[in-house]
Amino acid sequence: NSKRIFEFLSHYYKNVIQKVRIKDLMDYLGTPNYTVQKFEEKILKRAFYELNFNIDSILAFKYNLIWEDDGNYTGGKKGFNTVVFKIYDKRKPKKYEEFKTDNWKSRIEL
């Protein structure tokens, strides 16, 4: 699934910030309908380490999980429903240096 995360991010790397519903990302990746916690553990964290620390990967990313209201909220506990990616192009040294030094809040600290 790290390759599929890479494919997804490579479509949006010029945007730098990309939001996607977790459910939509699971559909895109063809994963089971995981809980958010399991999706993060099995997919997002693995892809984070595989892509960010692979010298052959041209993209790096940080991510955060948020609740984004879609107007269909009916009460109860709000959980995370959206992933926000910040995408870094490793081919551009200044942009990749930002990956190491910026203060963008990520779920995984470097």
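Reading the values: rules and limits
Residues numbered from 1 in each chain as written. Predicted model: local features only at pLDDT ≥ 70, side-chain atom pairs only at ≥ 80, totals over all residues. Heavy atoms only, no water. Salt bridge = Lys/Arg side-chain N within 4 Å of Asp/Glu carboxyl O. Buried < 20%, exposed > 50% of the residue type's maximum accessible area, 1.4 Å probe, protein only. Axes fitted to C-alpha atoms, helices over the stretch in contact; angles between N-to-C directions. Helix = DSSP H or I, 4+ residues; strand = E, 2+ residues; numbered from the N terminus. Parallel < 35°, antiparallel > 145°, perpendicular 65-115°, else oblique. Contact = heavy atoms within 4.5 Å. Nonpolar A, V, L, I, M, F, W, Y, C, P; charged D, E, K, R; others polar. Pairing = 2+ DSSP bridges.

Draft legend 1. Summary view of the pattern of salt bridges. Within the structure shown, the criterion is met by 9 salt bridges. Salt-bridge contacts for Arg91 lead to Asp89; the nearest nitrogen and oxygen are separated by 3.0 Å. You can call Arg91 partly exposed: its relative accessible area is 48%. A cluster of three or more residues bridged by salt bridges with shared partners is formed by Lys62, Lys86, Glu98 and Asp102.

Draft legend 2. Examining the packing of helix H1 (residues 2-10) against helix H3 (residues 36-52) more closely. H3 packs onto H1 with a crossing angle of 80° between their chain directions and a minimal axis gap of 9 Å. Considering the angle they form, H1 stands roughly perpendicular to H3. Facing Ser2, Ile5 and Phe6 of H1, the residues of H3 in contact are Ile43, Leu44, Arg46, Ala47, Glu50 and Leu51. Residue composition of the contact of H1 with H3, grouped by class: 6 nonpolar, 1 polar and 2 charged.

Draft legend 3. The sheet that holds strand E2 (residues 59-66), seen in detail. Taken in spatial order, the 3 strands make up an open sheet running E1-E3-E2, and their pairing is antiparallel. Looking at the sheet topology across the chains shown, the edges are occupied by strand E1 (17-21) and E2. Across the sheet, the axes of successive neighbouring strands diverge by a mean angle of 25°, strand direction being ignored. Pairing analysis gives 5 bridges linking E1 to strand E3 (residues 82-89), with the strands arranged antiparallel. The residue of E3 that forms the bridge with Ile17 is Lys86. Set on the sheet, H1 makes contact with E1, E2 and E3; between it and E2 the angle comes to about 90°. Helix-sheet contacts for H3 involve E2 and E3, and the interaxial angle to E2 is about 160°.

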